[in-house]
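Report on the structure
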Amino acid sequence: MRVVTTAGEELMVLPGGGLAITKPSYSETETSGGTRIEFTARNMAEARKMLKGVQRKFKNIDVERTLQQAEVKSTYPDGQIHFGFGIGGDHSPRSIVKTAAAFAHFCGIPAVDYALAASYLRDPSALCCFGYYFETDLVTNRPVGVPFHCVAVSGDPSTNLLLAYVEFFGSMRMVVCLSDCYSGPAIQQCYAINPLTGRTLDMSVAMTFNKKDIDEIYKYARVPNGAMQKAFEAVLIPALERKWEDEKQRVLSDAVSYAFDNCGAKEGEILSPEHIKRISGLIAERMSPYLIRQIKGRRH
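Rules and cut-offs
- Numbering of residues begins from 1 in every chain and follows the order in which that chain's sequence is written.
- For a predicted model such as this one, the threshold for reporting local features is a pLDDT of at least 70, and the threshold for listing and counting side-chain atom pairs is 80 or more; totals across whole chains, interfaces and linings nevertheless cover every residue.
- Side-chain numbers here rest on the full set of heavy atoms in the structure, without hydrogens or water.
- The convention used is that axes are lines fitted to C-alpha atoms, helices contributing only their stretch in contact, and that angles between N-to-C directions extend from 0 to 180 degrees.
- Every helix listed is a DSSP run of H or I at least four residues long, and every strand listed is a run of E at least two residues long, numbered separately from the N terminus.
- Crossing handedness follows the turn of the near helix against the far one: under a right angle anticlockwise gives a left-handed crossing, and clockwise gives a right-handed one.
- What makes two residues a contact is simply this: any of their non-hydrogen atoms within 4.5 Å.
- Lys, Arg, Asp and Glu make up the charged group, whereas Ala, Val, Leu, Ile, Met, Phe, Trp, Tyr, Cys and Pro make up the nonpolar group; the residues left over, Gly among them, are polar.
- One requirement defines pairing of two strands: DSSP has to find at least two bridges between them.
- Between rings of Phe, Tyr and Trp, where Trp is taken as its six-membered ring, a pair exists when centres lie within 6.5 Å; planes separated by under 30 degrees are stacked, by over 60 edge-to-face, and by other angles tilted.
- We call a residue buried when its accessible area falls under 20% of the maximum for its residue type, exposed when it is over 50%, and partly exposed in between, using a 1.4 Å probe and counting protein chains only.
- Look at NZ for Lys and CZ for Arg. If either is within 6 Å of the ring centre and within 35 degrees of the ring normal, a charge sits over the ring.
- Buried residues of nine kinds, namely Ala, Val, Leu, Ile, Met, Phe, Trp, Tyr and Cys, make up a nonpolar core once their side-chain atoms join them within 4.5 Å.

Observations concerning the packing of helix α3 (residues 92-106) against helix α4 (residues 115-122)
Two elements in contact, α3 and α4, have axes separated by 10 Å at closest approach and are oriented at 145°. Both α3 and α4 take part in a crossing whose hand is left-handed. Contacts between α3 and α4 involve Pro-93, Arg-94, Val-97, Lys-98 and Ala-101 from the former and Ala-117, Tyr-120 and Leu-121 from the latter. Residues belonging to the contact of α3 with α4 are distributed by class as follows: six nonpolar, no polar and two charged.

What follows is the structure in structure tokens.
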């Protein structure tokens, strides 16, 4: 996903969560000694391809020898990245209702018993039959800090309501009314999964709403000020902590490997005080971008 930081940097968010430049850079500068070429590639394969292109113009360039002198760098962006967490688009509400209806079908409820959902899915002019809900926590055994996905159905013939609950990433919480004339058997079913591990979770959802409650949910009257932010913080803060811990371990492992590879000691050789001093300095040098970023982050 392409993003632009608050400092104007154009970056690409990678599937694993890292960042990369969106495109390589290249420049030629004429000097008294000839032409100075500088370029930045996203990986070594791209660097080799760029060098072969340069070689067509400057025949004396040795591609492999030049690649051996290439420096691999990891840097942090100067600006911050803003993400939107809203579910948008013309089809997203119907996707939510479709998820709820599909789970109701999976639970053995005949399609005739969720007429409101069927009407909304088939008729573009039908009224939306869901709303966001953050007034209370409907998940009775919520795992702390887990960005789980969840879908649940609750049928109560005494209220004639067949309801569903859909939650994404442990924070986007929605109530769906599948039917307001339900007369089938009482039912309570829930399915949840932790996307970090791919494992299902044992949890339940308690919905004790009446028709007045549903009308207010449709009007977004059950979203108290600050409740949505609090729900997001419950999963985002632990996620950021995990991210920084993973980054710390990555940087430390890279710095140690770099220091031992460049301290001057041969494999199997006993480290001298000079080697140890050199290793300490190289580790600090390699970790300096991470440490500086940490200091800046704490200031903000």
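Examining the sheet that holds strand β3 (residues 19-21)
Reading across from one edge, β1-β2-β3 is the order of the three strands in this open sheet, with antiparallel pairing throughout. The open sheet terminates on both sides in strands that have one partner only, identified here as β1 (2-4) and β3. Between one strand and the next, the sheet's axes are offset by a mean angle of 40°, whatever the strand orientation. As paired strands, β1 and strand β2 (residues 10-13) are joined by three bridges and run antiparallel to one another.

Some points on the packing of aromatic side chains
Scanning the model with the defined rule gives five aromatic pairs in all. A centroid spacing of 5.9 Å and a plane angle of 70° characterise the contact between Phe-130 and Tyr-132, whose relative ring orientation is edge-to-face. For the residue pair Phe-130 and Tyr-132, the accessibility class agrees, reading buried in each case. Ring geometry for Tyr-133 versus Phe-209: centroids 5.1 Å apart, planes at 65°, classification edge-to-face. With Tyr-133 in the loop between β6 (130-132) and β7 (149-156) and Phe-209 in the loop between β11 (199-200) and α5 (211-218), the pair connects residues that are 76 residues apart, well separated along the chain. Phe-209 shares its class with Tyr-133; the two are buried. These aromatic residues form a ring-pair network of at least three members: Phe-130, Tyr-132 and Tyr-220. Directly above the aromatic system of Tyr-120 lies the positively charged group of Arg-94, at a separation of 4.2 Å from the ring centroid. We note Arg-286 situated over the ring of Tyr-258; from NZ or CZ to the ring centre the distance is 4.2 Å.

What about the nonpolar core?
Tyr-114, Val-176 and Leu-178 are the most contacted members of the largest nonpolar core, which totals 29 residues. Of all the secondary-structure elements, those providing two or more residues to this core are α3, α4, β6, β7, β8 (161-168), β9 (172-179) and α6 (227-262). Considering each element in turn, this core owes the most residues, six residues, to α3. Excluding residues that lie within four positions of it along the chain, Val-176 makes contacts with Ile-96, Val-97, Ala-100, Cys-129, Phe-130, Leu-162, Leu-163 and Ala-164.

So, the sheet that holds β6
With antiparallel pairing, six strands are arranged side by side in an open sheet as β6-β9-β8-β7-β10-β11. The sheet terminates laterally at β6 and β11, the two strands that pair on one side only.

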